[in-house]
Structures are given as C-alpha cells and as structure tokens.
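Per-entry structural report
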Amino acid sequence: MDINNLEKFKTKMASGKMCIGTVITLSDPAVSELAGDAGMDFTWIDAEHSPHTLESVMGHVMALRGTDCAPLVRVAWNDAAILKPVLDLAPAGVIIPMVCTAEEAKRAVEACKYPPKGIRGFGVRRAVKYGQTDLDSYIKTSENEPMVIIQIEHINAVRNLDAILNVPGIDSICIGPCDLSASMGLIQDVNGEEVNKVIDEICIKTKEAGLLLGTASAGPRWKKRGTNWIALTSDYGSMFAQYRKIIGENA
C-alpha cells in the first residue's frame, strides 16, 4: 500500500540490504516525520511500553506518508480487540508481543486477516484513502498487509518455536532479547553466551522457515545472523546521546 511504504520496505530487504529503523516513544508526530526525512527505513511505534494513545499512534503513522519510511506498530498485547483499531490505521506492519505457542500465533494471524482466513472486523477508512480506493482492490491488498510480525521473547516460545514457525500467515519473527533473557533467569544478560546461543537458534530456524528476521537491539552479531530489519535506536535515546555529546564537547 503506497500510503504506508510497505513495498519500499520489502523491496530493500529483498535486495539483500538490512533495513534500519528507530523506536518511537514520544507522542509528537514530528518525531516520526523527522525519522523519515532523516532516511530511516521504518519506525517501531511502541504502544506496548510507551504512553501512546490510539490517536497518537495514528499521528505517527500518518506522519510517514510523505516519506519513504514504513510505520510498524507494536501493540500492547496479542488481543484482537487491541489489534483491530490499529490495523484500521493502515500501518505497514504490526508487532505482536509475547507470543509463546502456535495457538497464540494462530490467534494473532487470525486477528489480522478478514474472513474466511481470520476474524478481523470490517471497518475500513484510511486504508481505502477515505473512499478513493475501491473495496475489491483493498480486499486483495489486505491479504498480504499489514505485515504480521510475531515477537519471540520468552523461553517457552523457543521451546515451541518449530510449531510457531509453521503457522501460516506470519511474515516476520522479531526477537526480544531483554525479555528472553529475563525468562531464562538471566535478566539483562543479553550479551551472555547462554542467551546468545538461544538467539542464534531462533535466527537459524527463522531463516530456514523463509521468514523475515527483525529486532530492536544492537551489536555486530545481528548482521552476521542475517537480520533483515533492526531498530538500532529510539527517539529519546538518540536525543539523550546527542545532548550528552554536545555537553561533552563544550564542557
């Protein structure tokens, strides 16, 4: 869909290049517009751990329409009622956290698809450009977007990974190292060998399944793992780092 830059996002990854993005936590949509103008490939609009409202999420999604940047929205939970209004904002993708079983993955996919493949309610508005796009064309497009991104961030999900990866309709797997390490009793030990051994397993199996691989983390290992998209920074993190840099250079 041209209003969310999904094709640009997919095309870059298909060319073998890694897409770079930033996490959006602040409410002002200018933050997203700035990220797009700066050349970010995507934003990770975080409605799970940040104080976003549905309206502020909408502002961030809309702010990227005039850029080449694709808006991804991480919802608060794997719940069809939470996903439904976000899907109607026509983001490029939705990131669904803490999916630990194949059944949970199936429910996530079904929430994102119209019948007969799913249970998504029909209430389009922005996705049809407020009436400019005919419904038949929209229905066909909706079969492949938004991207359904499942977040693997618990050791139980790793135990059920083979079954999860076999669920039809998943477009990408996103790894959450912090929660994963915590679930292993190694909270914040994201650089430890035990945690990284598990992450390597997830990456290998995800690539073997033909799914896109993403994360919001940093470090040289991710590129070696064949990561397709990665949020390397955040709005507040970039601001803080730049402020500290300016202070340090002028102290």
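Residues numbered from 1 in each chain as written. Predicted model: local features only at pLDDT ≥ 70, side-chain atom pairs only at ≥ 80, totals over all residues. Heavy atoms only, no water.

1. A word on the packing of aromatic side chains
- This structure, assessed with the given rule, holds six aromatic pairs.
- Seen in terms of ring centroids, Trp44 and Trp229 are 6.2 Å apart; in terms of plane orientation they differ by 55°. Their pairing is tilted. Taken together, the residues Trp44 in strand E2 (residues 42–46) and Trp229 in strand E8 (residues 229–234) connect sequence positions 185 residues apart.
- A relative accessible area of 0% means that Trp229 is categorised as buried. (Phe/Tyr/Trp six-rings, centres within 6.5 Å; stacked < 30°, edge-to-face > 60°. Helix = DSSP H or I, 4+ residues; strand = E, 2+ residues; numbered from the N terminus. Buried < 20%, exposed > 50% of the residue type's maximum accessible area, 1.4 Å probe, protein only.)

2. Observations concerning the pattern of salt bridges
- Taken as a whole and assessed by the stated rule, the structure comprises eleven salt bridges.
- For Asp162, the salt bridge is made with Lys205, and the minimal N-O distance between the two is 3.1 Å. Note that Asp162 is positioned in helix H8 (residues 161–165) and Lys205 in helix H10 (residues 193–208), a separation of 43 residues in sequence.
- Residues joined in a network through salt bridges with shared partners are Asp46, Glu48 and Arg74. (Salt bridge = Lys/Arg side-chain N within 4 Å of Asp/Glu carboxyl O.)

3. Some remarks on the sheet that holds strand E7 (residues 212–215)
- If you trace the eight strands once around the closed barrel, you get E1-E2-E3-E4-E5-E6-E7-E8, paired in parallel fashion. Averaged over all pairs of adjacent strands, the angle between strand axes in this sheet comes to 25°, irrespective of strand direction.
- Pairing geometry for strand E4 (residues 93–96) and strand E5 (residues 147–152), over four bridges, is parallel. Within E5, the residue paired with Val94 across the bridge is Val148.
- Contacting strand E1 (19–24) and E8, helix H12 (residues 235–249) runs over the sheet at an angle of about 50° to E8. (Pairing = 2+ DSSP bridges. Axes fitted to C-alpha atoms, helices over the stretch in contact; angles between N-to-C directions. Contact = heavy atoms within 4.5 Å.)

4. Focus: the pairing of strand E6 (residues 172–175)
- Across the two faces of E6 the burial is the same, with Ser172 and Cys174 and Ile173 and Ile175 all buried.
- In the sheet, E5 pairs with E6 via four bridges, with the strands oriented parallel. By the bridge assignment, Ile152 is partnered in E6 with Ile175.
- Where E6 lies against E7, four bridges are found, and the strand directions are parallel. Note that in E7 the partner of Ser172 across the bridge is Leu212.

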